[in-house]
Amino acid sequence: MADRGAEEPSSRSESPDGEGQVSEDRSIFQQRQAIGELVDTEASYLHILQLCASDIRSRLQQLPQGDLDVLFSNIDDIIKVSSRFLHGLQETASAEGDRVHLIGDLFLEFQEELERVYKVYCAGYDQALLLVEAYRRDPQLQRQIQGVLGAAVPQAGPSGLSFLLVMPLQRVTKYPLLLQKMLENTSPNASAYPVLQRAVSAMQDVNANINEHKMRKEVASKYTKVEQLTLRERLARINTHTLSKKTTRLSQLLKQEAGLVPRTKDKEFDDLEERFQWVSLCVTELKNNVATYLDNLETFLRVRPHEHSLDIPVGPTAQYCSLARDLQREAFLTFKQRLEGLVWRPLCSLARALVGPQNLIKKRLDKLLDFERVEEKLLEAGSVSYEEEATRHTYQALNALLVAELPQFNQLTLQWLRQVLCTFVTLQKDLSEQALWRAEGSAAQLPHHHILEPAFRKLVEDTLGQTSNQLRCFQETFEKVLPPPITQPLLPGSERQVQALLSRYGPGKLFQVTSNISGAGTLDLTLQRGQVVALLQNKDTKGNSGRWLVDTGGHRGYVPAGKLQPYHVISTEEEPRGPAGPQENPRHPTPQPAPAPARSIPTVAQVVAAYPFVARSSHEVSLQAGQPVTILEPQDKKGNPEWSLVEVDGQRGYVPSGFLAQAPSPAPWGWSLPS
């Protein structure tokens, strides 16, 4: 007892130092405990991530690939960063120096990488949860997913995918808490204390930036959706609130235009928007040009000259047909397929990708007008409502998102455009090489293969010039030799009626129907094409000059003025006649005589149709203006030269001789050496 009493004073005198030592030991213990928790949980977290990427994702093949991309997002990037981060944590145990100091430096070193990868994952987390909820409504699919998860990660339990998907969010928010625990158990005088302070602040900033980025993405996804609404649905969405907002924005815009209130200027955004609009214009123009190119290529592929008989010597013709057939069936078709797959579809995808940013830029202008109005109120009143404060934050989020991402989008779009153009040039080069390779064996047998390239170019230019001159001369001759427009042949048995109208009204009042007329009213006439009528009055009772009153020789009524043309009458002496008169040929009625005598057309001649003609019986054949026609007989069976037996597109029949024109014979086709 005496000894104990003697020891009590000394123990009391040493208690302050002892308590300090115990407190220091406790802090060191808790600090080491926090470090151990950081390293151990990081290793466990990384292991589960690797299971998700390698095992679970590969076993969920019953899910669409798009769903897997949303569920696991950029988990591979997180694994790469976490693997290096864990390796750095483990190395601090064996490194010389204060381990806490090294851990603080490690967090500062990985700050940007951690923020980059977790930003992407957290932005898509809500969409992944929506998929999980959708899977739960399918019991069979949910059982399959739970079976895969139970075999790979038993600790997931009934939570299933939700347990795994939330782990990256929990991990990134755990870092500042663990660092704060280390900081609280580190002496302020220690060299590691300021480093840990910076590390804690850095990880808090990482979480704040991730939350801000997630909020911006939510705003962007809200306004980038393109809804295909009908006019009725758009009108149904209009209410007093939307009308009030749009009216307020319009008022704000008018004030700015009038100079009553200042306009907010953002040079950084204006420059980015200008560049984006320029990039969008480039994409649109290139897409339109490629679409035109594909249309022209399709038209080119429909033309097959090698399938027709060409007016070239037999040897070159055979070589040309063989080469053209190979190019048409293989080279050009392959080129077209590759062009659609490697150029056209990427361009269409790129054009669709532009829609989202374009909608955001338009919406930013609306939100800017709201923001300016709220700022004015804030300056005047000193406070704003909760809804107005949310309006300010929405604009700031939209503007910050566009300023941050438009440069990257513009750069990626330009890279994409550059790649598309390079691919297009490469495809053109491959096509040229294939054409040259296929023509290599036939080139020696083609005309002028021995001519040097400059001389061959000159030869081609001269030949094209000669051909152009021939076409021009043909056009001029064609226009000169054609007779003036003539009317349709008279209907059978109408000669007496025409003579009666002519004797009663005179030639100046006669008109011929250019197309069939179906009368709709009680005073309207129904007439056939080619019928001759006499004009009584060039307007109706209401003064409408578009309806004329006519006499058919038996009935009177109104017809459209646009379907009548003057009927030209010539004397009988000028009218060419065959051995039989027109009234003696009821099967092939005589056409309306032309102002000039019918030209003599040789038998079995190649001519062209000068005017369209519609067959009215099985003995006649229809014509199109400019259509090639082969004359078999320059007269009908009665010897009447005003009707010719012709063949058109394999069909034979009679047509009016006055509807045919002699085509001048062009110069012989073929190659000729330059003089």
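Computed from a predicted model, the values in this text were never measured in an experiment. (Residues numbered from 1 in each chain as written. Predicted model: local features only at pLDDT ≥ 70, side-chain atom pairs only at ≥ 80, totals over all residues. Heavy atoms only, no water.)

Student: So what's going on with the overall build of the chain? Residues and values would help.
Tutor: Secondary structure assignment for the chain yields 18 helices and 10 strands. In the chain, which comprises 675 residues, the proportion classed as buried is 36%. Nonlocal contacts in the chain, meaning residues at least 24 apart in sequence, comprise 70% of its contacts between residues at least 6 apart. Total accessible area on the chain stands at roughly 39,800 Å², and carbon and sulfur atoms take up 54% of it. (Helix = DSSP H or I, 4+ residues; strand = E, 2+ residues; numbered from the N terminus. Buried < 20%, exposed > 50% of the residue type's maximum accessible area, 1.4 Å probe, protein only. Contact = heavy atoms within 4.5 Å. Areas by Shrake-Rupley, 256 points an atom, 1.4 Å probe, with all protein chains shown as cover.)

Student: Which residues make up the pattern of salt bridges, and what values go with them?
Tutor: According to the stated counting rule, one finds 23 salt bridges in the structure shown. Measuring nitrogen to oxygen at the nearest pair gives 3.7 Å for the salt bridge that ties Lys 174 to Glu 37. Placement of the pair is Lys 174 in helix α9 (residues 167-184) and Glu 37 in helix α1 (residues 2-59), with a sequence separation of 137 residues. By relative accessible area, which is 31% here, Lys 174 ends up partly exposed. (Salt bridge = Lys/Arg side-chain N within 4 Å of Asp/Glu carboxyl O.)

Student: Tell me about the nonpolar core, residues and numbers included.
Tutor: Core analysis: the biggest nonpolar cluster contains 65 residues, and Ile 56, Leu 60, Leu 71, Phe 107, Tyr 118, Leu 161 and Leu 179 have the highest contact counts within it. In terms of residue count, the dominant contributor to this core is α1 (12 residues). With residues up to four places along the chain from it excluded, the contact list for Leu 60 reads Leu 68, Phe 72, Ile 145, Val 148 and Leu 161. Leu 294, Leu 347, Val 420 and Leu 431 belong to the second largest nonpolar core, which has 32 residues in total. (Core = buried A, V, L, I, M, F, W, Y, C linked by side-chain atoms within 4.5 Å.)

Student: Outline the environment of Cys 348, listing residues and values.
Tutor: Tracing the backbone shows Cys 348 in helix α14 (residues 314-353). The class of Cys 348 is buried, set by a relative accessible area of 13%. Separated by 61 residues in sequence, Cys 348 and Lys 287 place their C-alpha atoms 7.3 Å apart.

Student: Could you give an account of the sheet that holds strand β1 (residues 510-513), naming the residues involved and the relevant values?
Tutor: Taking strand neighbours across the sheet as the criterion, the five strands line up as β4-β3-β2-β1-β5 in an open arrangement whose pairing is antiparallel. Looking at the sheet topology across the chains shown, the edges are occupied by β4 (556-560) and β5 (564-566). Across the sheet, the axes of successive neighbouring strands diverge by a mean angle of 50 degrees, strand direction being ignored. In this sheet, strand β2 (residues 532-537) lies alongside β1 in antiparallel orientation, the contact comprising three bridges. Looking at β2, one finds that Gln 512 is bridged to Val 532. The strands that helix α18 (residues 495-505) touches are β1, β2, β3 (547-551) and β4; relative to β2, the one it contacts most, it runs at about 30 degrees. (Pairing = 2+ DSSP bridges. Axes fitted to C-alpha atoms, helices over the stretch in contact; angles between N-to-C directions.)

Take it as geometry only, folks, not as evidence of what the structure does.
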